Amino acid sequence: MSAGTYAPRPGAAPLGRMIAAQTALETRMLLRNGEQLLLTAIIPTLLLVLFSAVDIVDTGAGESVDFLAPGILALAVMSTAFTGQAIATGFERRYGVLKRLAASPLPRWALMTSKTLAVLVTEVLQVVLLTVIAFALGWSPQGNPVAVLLLLVLGTAAFSGLGLLMAGTLKAEATLAAANLVFLLLLVGGGVIVPLDKFPDAVQSVLGLLPIAALSDGLRDVLQHGAAMPWGDLGILAVWAVLGLGAAARFFRWE
């Protein structure tokens, strides 16, 4: 055995390995947090089961679950990419975690990439869980899977940008309050459970431009009505994604 076998090799790990390790850590932190689990899994599941089983809201012709399932999938994306990520990142910033990570060999953009990848992993688990429950409730989806994937990816990008913008500019307590308030407001007024056509015409035009409305309506057009590609909703989500991620990159404060 040569004398140099145990010689130290100082230096950072390969970038891909660092991102993978940070992604795994971020995913475990998301799934272990009780509040995040409530937002990401329990609330969407309860809403799907409750409103599918009990005729509380008039969802139009057809089975209630056919209207509700796409909206609940959109809600799941918002709860993870926006609300959960904003709150977790806001408190990491407050406690100095981000400041210390920013001084590590992992580049700042790679840290944000890891957070986004952790969100995507969590969303995959959410989609699988909600899809299984929806099928058990009698859901009959249709449409183009590619369109669904594009909507989910753009929706994730839009909500991630807005969540990181909030976490990087407000204090942690303000982020906690604001993120939960926005979650509740968009749950009611974003077309998730209550159809947008139930609102006054003047309000509909404004609500239709919200990312949650574009995501839920786009998913509904594809999965319920069999639309090929909801370009209008994809365009709205793309604009929100560019604006949100651009503003987050510009104004995010690490300490």
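Right, let's walk through the structure included here. Every value quoted in this text rests on a predicted model; they were computed, and no experiment measured them.

The next thing to look at is the environment of aspartate 233. With respect to the secondary-structure elements, aspartate 233 resides in helix α10 (residues 231-251). For aspartate 233, a relative accessible area of 12% gives the class buried. Distance from aspartate 233 to alanine 74, taken between C-alpha atoms, is 13 Å for residues 159 residues apart in sequence. Among all residues touching aspartate 233, those that are not within four sequence positions of it are Leu151, Ala214, Asp217, Gly218 and Asp221. Reaching out from aspartate 233, the side chain makes a polar contact with the backbone nitrogen of glycine 218 at a distance of 3.4 Å.

The next point concerns the side chain of glutamine 22. Secondary-structure assignment places glutamine 22 in helix α1 (residues 15-32). Setting aside residues no more than four positions away along its own chain, glutamine 22 makes contact with Leu101, Leu106, Leu111 and Ser114.

Quick look at a nonpolar patch on the surface now. Together, Leu37, Leu38, Ile42 and Leu46 line one region of the surface with nonpolar side chains, adding up to about 340 Å² of accessible area. Checked against the element boundaries, leucine 37 lands in helix α2 (residues 34-53).

The end-to-end C-alpha separation of α1 is 26 Å, in line with the 26 Å expected for 18 residues at 1.5 Å each. Along α1, the residues that are buried comprise Met18, Ile19, Gln22, Thr23, Glu26, Thr27 and Leu30. Around the axis of α1, the buried residues are gathered within 165° of arc, so they sit on the same side. Facing away from the buried side of α1 by more than 90 degrees, the exposed set consists of Arg17 and Arg32.

Now for the packing of helix α9 (residues 211-223) against α10. Any two packed helices are characterised by the angle at which their axes cross and by the distance between the axes. Running from N to C, α9 and α10 cross one another at 150°; their axes reach a closest spacing of 9 Å. Of the possible angle classes, the one that applies to α9 and α10 is roughly antiparallel. Seen from above, α9 lies across α10 with left-handed handedness. For the pair α9 and α10, the contacting residues are Pro211, Ala214, Leu215, Asp217, Gly218 and Asp221 in the first and Asp233, Ile236, Leu237 and Trp240 in the second. Looking at the contact of α9 with α10, its residues break down into 6 nonpolar, 1 polar and 3 charged.

Parameters and conventions
- Residues numbered from 1 in each chain as written.
- Predicted model: local features only at pLDDT ≥ 70, side-chain atom pairs only at ≥ 80, totals over all residues.
- Heavy atoms only, no water.
- Helix = DSSP H or I, 4+ residues; strand = E, 2+ residues; numbered from the N terminus.
- Buried < 20%, exposed > 50% of the residue type's maximum accessible area, 1.4 Å probe, protein only.
- Contact = heavy atoms within 4.5 Å.
- Polar contact = N/O pair within 3.5 Å; in protein donor to acceptor, adjacent residues only side chain to side chain.
- Patch = residues over 30% accessible without salt bridge, like charges linked within 9 Å, V, L, I, M, F, W, Y side chains within 5 Å.
- Areas by Shrake-Rupley, 256 points an atom, 1.4 Å probe, with all protein chains shown as cover.
- Salt bridge = Lys/Arg side-chain N within 4 Å of Asp/Glu carboxyl O.
- Expected span 1.5 Å × (residues − 1).
- Arc of directions from axis to C-beta.
- Axes fitted to C-alpha atoms, helices over the stretch in contact; angles between N-to-C directions.
- Parallel < 35°, antiparallel > 145°, perpendicular 65-115°, else oblique.
- Left-handed = near helix turned anticlockwise from the far one by under 90°.
- Nonpolar A, V, L, I, M, F, W, Y, C, P; charged D, E, K, R; others polar.

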